[in-house]
Amino acid sequence: MKIKQFEYKPLAHYSYAVISDGKMAVIDPERNPEQYYAFAKANNAEIEAIIETHPHADFVSSHLEIHKKTRAIIYNSEKLGADYPHNTFDEGDSIQLGSVKLKAINTPGHSPDSITIVATEDQETALFTGDTLFIGDVGRPDLREKSGNTKAKRKELAEMMYETITNKFNDLPDDALVYPAHGAGSLCGKNMSDASSSTLGNERMSNWAFKKQSKEEFMNTILDGQPFIPHYFGFDVDTNKVGADDLKPSIDKIPFSENAISEGLIVDMRDEETFKKGHLEGSFNIQAVSDNAKFETWLGSIIKPEDTFTLVIDSKENKDAMLHRVAKIGYEKLLNKVITISDENLETTEKLNLEDFKNNSDKYTIVDIRNNSEVEEGKFFDSAISHPLNELRDTANEIPTDKPIVVHCAGGYRSAAGSSILQKKLNGVTVYDLSDNIKEFK
């Protein structure tokens, strides 16, 4: 059994290929299917199966596109209620992939339709656990009130997860390899390890969910302190239930122009220093300056699925790469056009007089845009008011405007976005970004 793990770092997403005797299965594929085709070709294999462990909330899958190109069968739980051609794959069902047997076990908790795939060959066992079992954690149970044909509230899902962890893995060996769909940095859990795989034995020893505890203790732990839920999560679940459009035609039809202007909702992906020197009025600065920047997460947390927007990029050469990033969460459907801008008639962002702020912080309204859980662990400024970035577009009008406003987060990335949002929402008010200077106050 040959297993390949593919990683998409900005969303901390892992997808997989399993090959045996020239036959290949793809598990939880990301939006761009080309890497799976390339891997199959390099290994003289044919893609025969695509397996979805659940309808993903944080990325758009390419399962339908792969099916249309290769005629491989899509497998998922009957409980998902998928609207695309598929075979149901639930407990008791199995697929023979060469000499490898792939079995499904129903492991609800993260969602009511979650499955874990058990791959066996001779004495070797591998578990593809989706968002059920992570390394050091389990999937959060509060992302969806309903999924497919099943309605389930967060407490009911937490109880399902308790039953799953308590009962579903008992007959599997300690040396079974655990391959999750996400790692540290994903919003699908809260305390995931940096490790990309583990063994079931290690998880039984070190993962909090496997320790001896009552159902009530388990549920209290899993429900407490979960990260916020981005706007796009429900949109992606719905997209994945139907199956996304093919990637290339979807992004090829989006207009592009250079040295252009735009109105309405504008997302500017350039680095904050460049943005602050000159940007289109009303732009939101959601940076995508590196592969590790959480551009997709914050795009889908700030821009809502009912919005449409223009994307400002730094250069024509980056157009395709940025369109691929937008499409990772299916937001190419919201994108009116992609543009570069000239140096004329741009708005600038005023720079904070740091010395004055240090000595006279009471002259400013300080807005802390970190997540609620971060604020609960401690404030940097006692007088700061909390307005998490993912809610800021809706709560901006609650912020007092009788003083200049200083926006801060923990490291600077989010405050660049937050200060640009307040620049647009609060006309006539000076908005400063404390940015990396926050380190001086820690």
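Residues numbered from 1 in each chain as written. Predicted model: local features only at pLDDT ≥ 70, side-chain atom pairs only at ≥ 80, totals over all residues. Heavy atoms only, no water.

**Concerning the pairing of strand β2 (residues 13-20)**
- Counting buried positions along β2 yields eight of eight residues, so the element is predominantly enclosed.
- By the alternation rule, side chains of β2 split into H13, S15, A17 and I19 and Y14, Y16, V18 and S20, which are all buried.
- In this structure, strand β1 (residues 2-8) lies alongside β2, joined through seven bridges in antiparallel fashion. Looking at β2, one finds that K4 is bridged to A17.
- Inspection of the sheet shows β2 paired to strand β3 (residues 23-27) by five bridges, in the antiparallel sense. Residue pairing in the sheet places A17 in a bridge with V26 of β3.
- A loop of two residues connects β2 with β3, the two strands running antiparallel in sequence, and D21 in this loop sits at a positive phi of about 50°. (Buried < 20%, exposed > 50% of the residue type's maximum accessible area, 1.4 Å probe, protein only. Helix = DSSP H or I, 4+ residues; strand = E, 2+ residues; numbered from the N terminus. Pairing = 2+ DSSP bridges.)

**A look at the sheet that holds strand β20 (residues 365-368)**
- Strand order in the open sheet formed by four strands is β21-β20-β22-β23, with parallel pairing between adjacent strands. A single partner strand is all that each edge strand has here, and the edge strands are β21 (385-386) and β23 (431-433).
- Note: β20 against β21, two bridges, orientation parallel. By the bridge assignment for β21, D368 is matched with S386.
- The strands touched by helix α14 (residues 413-425) are β22 (405-408) and β23; relative to β23, the strand with the most contacts, the crossing angle is about 175°. (Contact = heavy atoms within 4.5 Å. Axes fitted to C-alpha atoms, helices over the stretch in contact; angles between N-to-C directions.)

**Topic: the side chain of T349**
- Relative to the helices and strands, T349 resides in the loop between β19 (335-339) and α11 (354-359).
- What makes T349 buried here is its relative accessible area of 12%.
- Polar side-chain contacts of T349 include one of 3.3 Å to the side chain of Q423.
- Other than its neighbours up to four places away in sequence, T349 contacts F275, K276, H279, Q423 and V431. (Polar contact = N/O pair within 3.5 Å; in protein donor to acceptor, adjacent residues only side chain to side chain.)

**Here's the deal with helix α10 (residues 319-327)**
- Of all the positions in α10, only M322, L323, R325, V326 and A327 are classed as buried.
- Close packing links the buried residues of α10 with β1, α7 (247-252), α9 (295-302), β18 (309-312) and β19.

**A word on unusual backbone geometry**
- Even without a glycine there, the phi angle at N44 is positive, about 50°.
- Structurally, N44 can be placed in the loop between α1 (34-42) and β4 (46-51).
- For D122, which is not glycine, the phi torsion reads 55° and is therefore positive.
- Residue placement: D122 occurs in the loop between β9 (115-121) and β10 (124-130).

**Side note on the environment of P404**
- Relative to the helices and strands, P404 is located in the loop between α13 (392-395) and β22.
- For the pair P404 and V429, spaced 25 residues apart in the sequence, the C-alpha separation amounts to 6.3 Å.
- Those residues in contact with P404, other than ones at most four positions away along the chain, are K363, Y364, T365, T430 and Y432.

**Brief notes about the packing of aromatic side chains**
- For the structure shown, the criterion picks out 16 aromatic pairs.
- Considering the side-chain rings of Y16 and Y179, the 5.4 Å spacing of their centres and the 55° angle between planes classify their relative orientation as tilted. Placement of the pair is Y16 in strand β2 and Y179 in strand β13 (residues 177-180), with a sequence separation of 163 residues. The same class applies to Y16 and to Y179, which are both buried.
- What links up through ring pairs into an aromatic cluster is the set Y232, F233, F235 and Y331.
- We note K4 situated over the ring of F6; from NZ or CZ to the ring centre the distance is 5.6 Å. (Phe/Tyr/Trp six-rings, centres within 6.5 Å; stacked < 30°, edge-to-face > 60°. Lys NZ or Arg CZ within 6 Å of the ring centre and 35° of its normal.)

**A few points about the sheet that holds strand β15 (residues 256-257)**
- Spatial ordering of the open sheet is given by β15-β19-β18-β16-β17, a layout of five strands whose pairing is parallel. The open sheet has two edge strands with one neighbour each: β15 and β17 (283-285).
- Taken strand by strand, α10 contacts β15, β18 and β19, and its axis lies near 155° from that of β19.

**Remarks on the pairing of β10**
- For β10, the buried fraction is high: six of the seven residues fall into the buried class.
- Direction of pairing for β9 relative to β10: antiparallel, over a ladder of five bridges. Within β10, the residue paired with V118 across the bridge is L127.
- Two successive antiparallel strands, β9 and β10, enclose a turn made up of two residues, where D122 displays a positive phi of approximately 55°.
- Two elements, β10 and β13, share four bridges in a ladder whose sense is parallel. For G130, the partnering residue across the bridge sits in β13 and is P180.

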